[in-house]
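# Breakdown of the fold
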Protein chains: 2
Amino acid sequence: MKLSKSEEQLMQYIWENGQAFMNELLEMYPDPKPASTTVATLLKRMTDKGYIGYKQLGRSRRYYPLVKKSDYFSRHINNLIQKYFDNSPANFASFFTTETDLTEEQLKELQQIVEQELKRRHQ
Amino acid sequence: MKLSKSEEQLMQYIWENGQAFMNELLEMYPDPKPASTTVATLLKRMTDKGYIGYKQLGRSRRYYPLVKKSDYFSRHINNLIQKYFDNSPANFASFFTTETDLTEEQLKELQQIVEQELKRRHQ
DNA sequence: TTTTATATTCTACATTTGTAGAAAATGATC
DNA sequence: GATCATTTTCTACAAATGTAGAATATAAAA
């Protein structure tokens, strides 16, 4: 079962930290912060959905991700590519390169990355 | 206001065609097709949200997109980058390059694209 | 050990979404 | 003009979502 929008948002915070207590997570929200029970509800739902686990420590729980961000994202992006680019990563790349606001710096970086990857495959 | 999942799906069909009548859209669904009223509901909601318009022709309407796919997608992808890659397209690119199933062919294509874009910026 | 602070769960409720039947509208056909 | 076919709108409803108060549990502090 998928994470909802706001669960995903919270998940980000957990990924960022690797682990976190509820109150720490609450901290991370920009003002106006949600009610703590709201976060608690989300945490419970996310636990039920199997995206996070926790270790009970004293009176509270330290939550941690059960799903790697890269895995979650990977599913996500492949969906996206499928949906918007007729399942062609190349189409996507093309779009990506021209339509996002990459600086020249970043383009060069990307060039490096591609080269690297090509090299990697040849050894 | 954003399109929901199933509205987005329908939007794809409309983008693909440039324009379409309700019954044509219904056709495009794989079996089991939804009830025609379901599609009709979606079309109405999408119209209300301002994503599509229509031209009345005889007893029915020819719907067409009011939002370009590339624009819609652009917003989408920039969101994604922001959410998952700390607002760094380069991070994203890196991930993209290594984690999607690009063939060597496609990687080279991407290389071309980047090069092209760099060149373009220098003239 | 009583009180307090806070985390967790329960309950609640409005909104959005997916889905579609019932009803209405209206052009097409006989 | 009456009937038919089909589109569109209305109405409906269950499920998911965003949000949070009330109630409960329990560790920490006094």
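About the cut-offs
Residues numbered from 1 in each chain as written. Chains lettered and ligands numbered in written order. Predicted model: local features only at pLDDT ≥ 70, side-chain atom pairs only at ≥ 80, totals over all residues. Heavy atoms only, no water. Domains from an automatic or database assignment. Contact = heavy atoms within 4.5 Å. Buried area = accessible area lost by both parts, 1.4 Å probe. Salt bridge = Lys/Arg side-chain N within 4 Å of Asp/Glu carboxyl O. Polar contact = N/O pair within 3.5 Å; in protein donor to acceptor, adjacent residues only side chain to side chain. Nonpolar A, V, L, I, M, F, W, Y, C, P; charged D, E, K, R; others polar. Axes fitted to C-alpha atoms, helices over the stretch in contact; angles between N-to-C directions. Helix = DSSP H or I, 4+ residues; strand = E, 2+ residues; numbered from the N terminus.

As a further point, take the domain arrangement of chain A. Residue and element names in this part refer to chain A. According to the domain assignment, chain A contains domain 1 (5–65) and domain 2 (69–121). Inter-centroid distance (C-alpha atoms) of domain 1 to domain 2 is 30 Å. The partner domain 2 presents 4 residues to the 4 residues of domain 1 that form the contact. The contact between domain 1 and domain 2 buries some 420 Å² in all, and 58% of this surface belongs to carbon and sulfur atoms. By the criterion of area lost to domain 2, the three top residues of domain 1 are Glu8, Trp15 and Tyr51, representing 89% of everything that side buries. Inspection of the region where domain 1 meets domain 2 yields 0 salt bridges. Inspection of the domain 1/domain 2 interface yields 2 residue pairs in polar contact (both at pLDDT 80 or more). Among the residues forming the side of domain 1 that touches domain 2, the class breakdown is 2 nonpolar, 1 polar and 1 charged.

This part is about the packing of helix α1 (residues 5–17) of chain A against helix α4 (residues 69–84) of chain A. Residues and elements named next belong to chain A. In the contact formed by α1 and α4, the axes pass within 11 Å of each other and the chain directions differ by 145°. Contact residues: Glu8, Gln12 and Trp15 in α1; Lys69, Tyr72 and His76 in α4. Residue composition of the contact of α1 with α4, grouped by class: 2 nonpolar, 2 polar and 2 charged.

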